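The chain contents come next:
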Amino acid sequence: MTTFTKSISLAFLCWISGISAIGQTGIWMKYEKTFESTKTYENPLYQVARFQVRFQSPTGKVKTINGFWDGDKTWRVRFAPDEVGTWNFTSFCSDTLNTGLHAVKGTFECVASQSQHAIYTKGSIIHPKGTYHLTHADGTPFFYAACTAWNGALKSTEKEWETYLQDRVKNHYNVIQFTTTQWRGSEKNSEGNVAFEGSGRIKLNPAFFQHLDKKIDEINSHGLVAAPVLLWALPVSMGRELSPGYYLPEPEAILLANYMVARYGGNQVIWILGGDGKYIGEYEQRWKTIGRAVFGGEHPGVTSLHSQGGSWIGKEYAHEEWLDILGYQTGHSSTDNTINWITKGPVANEWSKLPPKVLINMEPCYEDILPSVTSKEVRNASYWSVFSTPVAGITYGANGIWPWIRPGEKIQNHRQPAMLRPWEESIKLPGSVQIGQLAHFIRQYPWWQMKPAPELVVSQPAPAGRYISVSRSDDRQTIMAYVPTQTTVQLFNPQNISYQAQWYDPVTNQSSAANLTNKPGIIEAVSPKNGDHVLVLKKK
């Protein structure tokens, strides 16, 4: 065993010790119970209509958790207990004659977690009703800062995954977005396995998911939240025949998604039901049917949809109670049309007219996807997105990270770019670091109270690329203005509130004092140099 492997094993064992030390499970950590079936099923997905376990907490609360088949006669149930003390459980199986799965009773002890990670000290991620942001279970606000590694969990070696996760933690990310089945970007995992076979009737491959189990556990062991795409859904372009969300019949899509929710519901997760999909028009009813079937009842984790570029589902999904995050994608260009879509388009204009949900750009332009898309374009798109809706989060992507490129490799089923850096080089790109810094910067302020305030700008510059995005807290204690180029910023201040001011440089991650000129009803400040900055005003 190498020194590196020993270090990984030791770190992972320390995490495992917090999960189940001497038969005990740490609060908010994954509890797993294994059941041995007395029967062998040819295709359990269809032959066992229901396998659930009813858990009763120390205070009497009841959680009904779906179990799942894990190969041969092995079945399991997983969930994250949210109370310290003795839990008891009873299993229920639609095949009542299967004594290994039906009417099995037991208890387990939940204890205080030894982990210092927020996902275990503050609890799972939730979406409080009536709000525009996520929190931990204890109410602590959670700013979503994700890195996109669609192929990471499928292709990476143990050493690569550890290197990547350590780097993302160091750079202030807290969510990892990835795919959970074969899809157009990776037809098989690194072991040559696929998640399932078939279409009209599918057959699961437990070995594929056992490999994925380890990668998801590692995400959580680093204190990060896993954001798995359950059903990649792109309905166009080469490789669409590999998108299960596109080609599977609704019943099979529902079975597959339910299986993965059961399997990974014990982890700390934010579900992405569909990836890169079209969820409106001719596909609207399909996705509402799938979403309601998978998440319409009791389920762990919050839910989202990752839409195809330039698609906005706000109006159509405003009253879908199962959907917490209205994810959108602004595409991979920096044209005026793209900028206007972010700053003045349907998301910016319609969020306030809809019931409160979390709004996150889950795919701004990928760094390096085109020669014209550098860290500057990534920063612009990200800051404009964060400030164009109630502040909630942002996602980073690089054209070498998401496909998990190694030297000499190409992207499957995609047009090949002029340049393609390996993933290990891409995580060091300036934008990769700077979007992590964006998250760290925002978290220093009461960001969950902040909403767009474009009406404060006295005069917007005409060019789209110079658009000034402004966000302020409801109590006007905090105002932020993102300025993409050097300019004089004028903001309305009708109450003539006195503010302290500073400039934040998103390139250097440094702040400096800002000189304000106060005029009747107006605040004026000149950005310190060429380049983008954030003006931060705090009430004195």
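Presented here is an overview of the structure given in this document. Fair warning: this is a prediction, and the values are worked out from it, not measured in the lab.

### Quick word on the overall build of the chain
Point 1. Regarding its fold elements, the chain presents 14 helices and 30 strands.
Point 2. Relative to the globule expectation of 24 Å for 540 residues, the C-alpha radius of gyration of the chain, 24 Å, shows essentially globular dimensions.
Point 3. Looking at the chain as a whole, 59% of its 540 residues qualify as buried.
Point 4. Across the chain, the mean location of the 51 positive side-chain charges is 3 Å away from that of the 46 negative side-chain charges.

### Side note on helix H5 (residues 158-170)
Point 1. For H5, built from 13 residues, the straight-helix expectation of 18 Å at 1.5 Å per residue is met to within 8% by its first-to-last C-alpha distance of 18 Å.
Point 2. All buried positions along H5 are accounted for by Glu160, Trp161, Glu162, Tyr164, Leu165, Asp167 and Arg168.
Point 3. His172 sits one or two positions beyond H5 and adopts a positive phi of about 75°.

### What to know about the state of the cysteines
Point 1. Inspection of the entire model under this criterion finds zero disulfides.
Point 2. A disulfide-free cysteine, Cys147 has its sulfur positioned 14 Å from the sulfur of Cys365, the nearest such atom.

### Here we look at the layout of surface pockets
Point 1. By volume, the largest pocket is sized at about 790 Å³.
Point 2. Forming the boundary of the largest pocket are 31 residues, of which Lys63, Glu298, His299, Pro300 and Gly301 lie nearest the centre.
Point 3. Counting residues per element, the ones that place at least two in the lining of the largest pocket are strand E4 (62-66), strand E6 (74-79), strand E9 (125-126), helix H8 (250-264) and helix H9 (284-295).
Point 4. For the lining of the largest pocket, the element with the most residues is E4, which contributes four residues.
Point 5. The residue inventory of the lining of the largest pocket, partitioned by class, reads 14 nonpolar, twelve polar and five charged.
Point 6. Here the second largest pocket is characterised by a volume of approximately 690 Å³.
Point 7. Around the second largest pocket, the lining comprises 27 residues; the ones closest to its centre are His332, Ile369, Asn399, His414 and Arg415.
Point 8. Class assignment for the residues of the lining of the second largest pocket results in 15 nonpolar, seven polar and five charged.

### Concerning the sheet that holds strand E21 (residues 393-396)
Point 1. Judged by pairing direction, the sheet is parallel, and its eight strands sit side by side in the order E20-E19-E18-E17-E16-E13-E12-E21 without closing on themselves. Edge positions in the sheet fall to strand E20 (358-363) and E21, since each has one partner strand and no second. Ignoring strand direction, the axes of neighbouring strands in this sheet form an average angle of 25°.
Point 2. Running at roughly 165° to strand E16 (residues 225-232), H8 makes contact with E16 and strand E17 (270-277) of the sheet.

### A short note on the packing of aromatic side chains
Point 1. Applying the stated rule across the entire model yields 36 aromatic pairs.
Point 2. With a centroid separation of 5.3 Å and 65° between ring planes, the pair formed by Phe79 and Trp87 is classed as edge-to-face.
Point 3. Since its relative accessible area comes to 3%, Phe79 is described here as buried.
Point 4. Among the residues examined, Trp87 registers a relative accessible area of 1% and is labelled buried.
Point 5. Ring geometry for Phe208 and Phe209: centres 5.3 Å apart, planes at 80°, overall edge-to-face. With respect to burial, Phe208 and Phe209 carry one shared label: buried.
Point 6. An aromatic cluster of at least three residues, connected via ring pairs, comprises Tyr31, Phe55, Phe79, Trp87, Phe89 and Phe108.
Point 7. Above the face of the Tyr46 ring, Arg201 is positioned so that its terminal group lies 4.2 Å from the ring centre.

### Looking at the side chain of Lys215
Point 1. Its location among the elements puts Lys215 in helix H6 (residues 206-221).
Point 2. Glu160 is the oppositely charged side chain nearest to the buried, salt-bridge-free Lys215, at an N-O distance of 7.1 Å.
Point 3. If near-sequence neighbours (up to four positions away) are discounted, Lys215 is found in contact with Gly152, Ala153, Ser156 and Trp161.

### Re empty space enclosed by the protein
Point 1. Counted under the stated rule, the structure contains three cavities of 30 Å³ or more.
Point 2. If you go around the largest cavity, the residues you meet are Arg476, Ile479, Leu491, Phe492, Asn493, Pro494, Gln495, Ile497, Tyr499 and Ile523.
Point 3. Residues that form the lining of the largest cavity fall into these classes: seven nonpolar, two polar and one charged.

### Focus: the packing of H8 against H9
Point 1. Where H8 contacts H9, the two axes come as close as 9 Å, and the packing angle between them is 35°. Here the hand of the crossing between H8 and H9 comes out right-handed. Facing H8, whose interface residues are Glu250, Ala253, Ile254, Ala257, Asn258 and Val261, H9 presents Arg286, Thr289, Ile290, Ala293, Val294 and Phe295.
Point 2. Of the residues contributing to the contact of H8 with H9, the split by class is eight nonpolar, two polar and two charged.

### Details of the sheet that holds strand E23 (residues 469-473)
Point 1. Pairing is antiparallel across the open sheet formed by six strands, whose spatial order is E22-E23-E24-E30-E26-E27. A strand with exactly one partner marks an edge of an open sheet, and here the two such strands are strand E22 (450-452) and strand E27 (510-513). Across this sheet, the average inter-strand angle for adjacent strands is 25°, counted without regard to direction.
Point 2. Two strands pair when backbone bridges link them, and strand E24 (residues 478-483) and strand E30 (residues 533-539) are joined in this way by six bridges, in the antiparallel orientation.

About the thresholds
- Residues numbered from 1 in each chain as written.
- Predicted model: local features only at pLDDT ≥ 70, side-chain atom pairs only at ≥ 80, totals over all residues.
- Heavy atoms only, no water.
- Helix = DSSP H or I, 4+ residues; strand = E, 2+ residues; numbered from the N terminus.
- Rg over C-alpha atoms; globule rule 2.2 N^0.38 Å.
- Buried < 20%, exposed > 50% of the residue type's maximum accessible area, 1.4 Å probe, protein only.
- Lys, Arg positive; Asp, Glu negative; His and termini not counted.
- Charge placed at Lys NZ, Arg CZ, Asp CG, Glu CD.
- Expected span 1.5 Å × (residues − 1).
- Disulfide = S-S within 2.5 Å.
- 1 Å grid on protein atoms, 1.4 Å probe; cavity = no way out; pocket = protein on both sides within 12 Å on 5 of 7 lines; lining within 4 Å.
- Points joined across faces, edges and corners; volume = space filled by probe spheres on them.
- Nonpolar A, V, L, I, M, F, W, Y, C, P; charged D, E, K, R; others polar.
- Pairing = 2+ DSSP bridges.
- Axes fitted to C-alpha atoms, helices over the stretch in contact; angles between N-to-C directions.
- Contact = heavy atoms within 4.5 Å.
- Phe/Tyr/Trp six-rings, centres within 6.5 Å; stacked < 30°, edge-to-face > 60°.
- Lys NZ or Arg CZ within 6 Å of the ring centre and 35° of its normal.
- Salt bridge = Lys/Arg side-chain N within 4 Å of Asp/Glu carboxyl O.
- Left-handed = near helix turned anticlockwise from the far one by under 90°.

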